[in-house]
Each structure stands twice: as structure tokens, then as C-alpha cells.
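These are the residues of each chain, in order.
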Amino acid sequence: MNTKHYIIIIAVVIAIFAIPLIIFPNAPYGGADSAAEEAISGRGYTPWFTPLWEPPSGEIESLLFALQAAIGAMIIGYFVGYERGKRAKKEIKETETAQ
Amino acid sequence: MHIMEGFLPHPWWEIWFAIALPIVAYGVYRLSKVTKKIPEAKPLLALMGAFIFVLSALKLPSVTGSSSHPTGAGLAAVVVGPGITSVLSIIVLIFQALLLAHGGLTTLGANTFSMGIVGPFVAYAIWIAAKKVRLPIAAGIFLAAAIGDLVTYVVTSAQLALVFPTAGGFFDAFLTFGSIFAVTQIPLAIGEGLLAVVLFDFLAKYKGQLLSAMKVIKLPTPASTQKEPKQQ
């Protein structure tokens, strides 16, 4: 696989998640986790323990989710860039010694 | 796949902790063993942890009109093994339980079991089977990551159905929760499988020797071609 294949695959991934939004623009897109939670609560169950701390608003919650994704993406980007840079440097050295 | 805080009554939350913790302990043992034996593997551990971090933070829309998130644990299981993946998963789950009120401390055992144990072990088994029948590497990775993701949500459905059977019994409840979780998850699992293929392909290209030292893949030629000149 080369960069072109990577781009095609990633475009397919984006399409997989964009298509539902286009076909069903008016669907609620609520979280499956909370749907299950509601299905249980609907039967009269009350949770016996509540979270120690909850994000005070939807904005703060999405901030923390974005932070989680950013930390992960940062590490992946660092790793990929580091390895590519190392390989490029090695190739330059090899061509220099070959000359 | 997150069972929310307080949604598993006694004795279920203790049962899932009792099942999950020994396996996480085994993962910690594997972690120290692998990092001692192959110190170069440490960046890979960070990378797999990061992959799980990103994917489990992304809530994605699905054709069912609801949204859910992938786990990223299947690829980690293939690269660093399912034991270590259970440790990486529990770290993410603790982060989400404490800071996001997503999942919970009392349901940590159950969530670790579905995301960090069954999903990764199934993904690992699929990868081994795919290697045995000589499927192309990309196909093996795709199947391992996608099915590992799906299985996690099937386990969550079963965990909830055990505690909250309907009048129709366990199986009826399992189908109810399954329709909430597992069906929504199908396109997400495909997406996760494709992303795993891309990252693994990069790893095989740039970290092939390390992956072969960790017995993830076999490098085809170098070992045999390097020996030949010495014999001459």
C-alpha cells in the first residue's frame, strides 16, 4: 500500500460516517449508551451509584472528549512523523555514502 | 458499550470485577515482561494506547439514526497482545469514568470485560486464524479489528440482558439491547477495521523488524538471505 491507498481507505471511512447524515438528516443520532440507559430506566430501575463528578455542561463534556482524541492523535502523529523522518534521514545517509 | 455508573446491581458488578481483574493483572505481568525483553516495543505500546484513546473518543453516526463509538482495541490486541490491551483499555475506561461520567467505577469491571478482554481476545484469535489460513495481512487485520469491535457490543448486550431480562426472558432482552448496540455498531466496526488496516500497514513498513521480534508478523526473506554470505 502507498499513500494513495491510504487516502482512498480514509475517504471510504469518512463516507461510511457521512452517508447516514445525508440519508437520514432528521434522525436524532443519540448515543447508543444512553439509549440502553433509557431502556433500563424505563422499566423503573434507578441506578444505585452516581458518577463522582459529571461535566457541568455539554460543552465541557465535548471539551473533554476532544481532549481525549487530541492526546491520542498527538501521539499517533508524533510516532508516524518520527518514523518517517528517521527513514528519510537514513536514506539520505545511504545515498551520501554510496556516492 | 459503556454500561453507565450504577446500572449493574449487586452481585453483578462484583462478578465482572472478579472476572476482569485477574486478566488485567495478567496484562500487567505481560506488560512488564515485554518491556523488559523488548524495550523498543515501548513506543508501540504508547501508539496502541493512543489508537484506543482516539477511537473511543469519537462518537460516530450510524445508519440506525443513533451514534456510538469504536474501541480501537482489536488492532492493539494484534500488535501488543490481548493481555496488554486489557491494561490499555482499563486506563481509557477509568479516564472516561472519572472525567466524562461515561461508563462508571462500579461498572468498570463489566466494561473492561467487554472492551478490554472479550473484544481483544476474539480479535487476537481471528488474527491467528487468518494467519493460519494465509489470508492477506490486510484482510486479517480488518476482520480482527471489525469483529473485535462488534463482539464488544454483543458482550455488553448480554451483560445487560443478564441483569435486566424482560418478560420474554434473557434472550428477548438480549435482542432488545443487541438492537440498540450491535446493529448501530456494524458500520462503525467496518470503519474501525479500515483504519486499523492503514495503521498496521504503516507499522509493517516502518517497524517490520520490531513486529517480527514481537512475533506479530514474519519477515519473509532477511533471515535466510543474511545467513548465506557467511557460509561462503
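Anything mentioned here points back to the structure above.
Worth saying up front: this structure is predicted, and the values here are computed from it rather than measured.

1. A closer look at the packing of helix 1 (residues 12–37) of chain B against helix 4 (residues 82–99) of chain B
All names here are of chain B. Packing of helix 1 against helix 4 brings their axes to within 7 Å, and their N-to-C directions diverge by 110°. If you check the angle between helix 1 and helix 4, you find them roughly perpendicular. Helix-helix and strand crossings are classified by hand; for helix 1 and helix 4 the assignment is left-handed. When helix 1 is examined against helix 4, the residues Ile23, Val24, Tyr26, Gly27, Val28, Arg30, Leu31 and Val34 are found in contact with a partner set consisting of Gly83, Ile84, Ser86, Val87 and Ile90.

2. Details of unusual backbone geometry
Residue and element names in this part refer to chain B. Here the residue pair His10 and Pro11 is connected by a cis peptide bond, since its omega of 5° sits within 30 degrees of zero. Mapped onto the elements, Pro11 comes out in the segment before helix 1. With phi around 55°, Arg134 is a residue other than glycine that occupies positive phi space. Relative to the assigned elements, Arg134 resides in the loop between helix 5 (108–132) and helix 6 (137–163). You can call Arg134 exposed: it has 8 C-beta atoms within 10 Å.

3. Regarding helix 3 (residues 73–80) of chain B
Residue and element names in this part refer to chain B. The buried count for helix 3 comes to 8 of 8 residues, which makes it a mostly enclosed element. All of the buried residues in helix 3 are Ala73, Gly74, Leu75, Ala76, Ala77, Val78, Val79 and Val80. Those residues of helix 3 that are buried lie in contact with helix 2 (42–57), helix 4, helix 5, helix 6 and helix 7 (170–206). Count one or two residues on from helix 3 and you reach Gly81, which has phi positive near 95°.

4. Considering the sheet that holds strand 2 (residues 66–68) of chain B
Strand order across the open sheet formed by 3 strands is 1(A)-2(B)-1(B), with mixed pairing between neighbours. Strands at the two margins of the open sheet, each flanked by one partner only, are strand 1 (30–31) of chain A together with strand 1 (60–61) of chain B. In terms of strand pairing, strand 1 of chain B meets strand 2 of chain B through 2 bridges, oriented antiparallel. Bridge pairing links B:Pro61 to B:Ser67 in strand 2 of chain B. Packed on one face of the sheet, helix 7 of chain B meets strand 1 and strand 2 of chain B and runs near 45° to strand 2 of chain B.

Here is what the cut-offs are and how they apply
Residues numbered from 1 in each chain as written. Chains lettered and ligands numbered in written order. Predicted model: local features only at pLDDT ≥ 70, side-chain atom pairs only at ≥ 80, totals over all residues. Axes fitted to C-alpha atoms, helices over the stretch in contact; angles between N-to-C directions. Helix = DSSP H or I, 4+ residues; strand = E, 2+ residues; numbered from the N terminus. Parallel < 35°, antiparallel > 145°, perpendicular 65-115°, else oblique. Left-handed = near helix turned anticlockwise from the far one by under 90°. Contact = placed C-beta atoms within 7 Å. Buried ≥ 20, exposed ≤ 12 C-beta atoms within 10 Å, placed from the backbone. Pairing = 2+ DSSP bridges.

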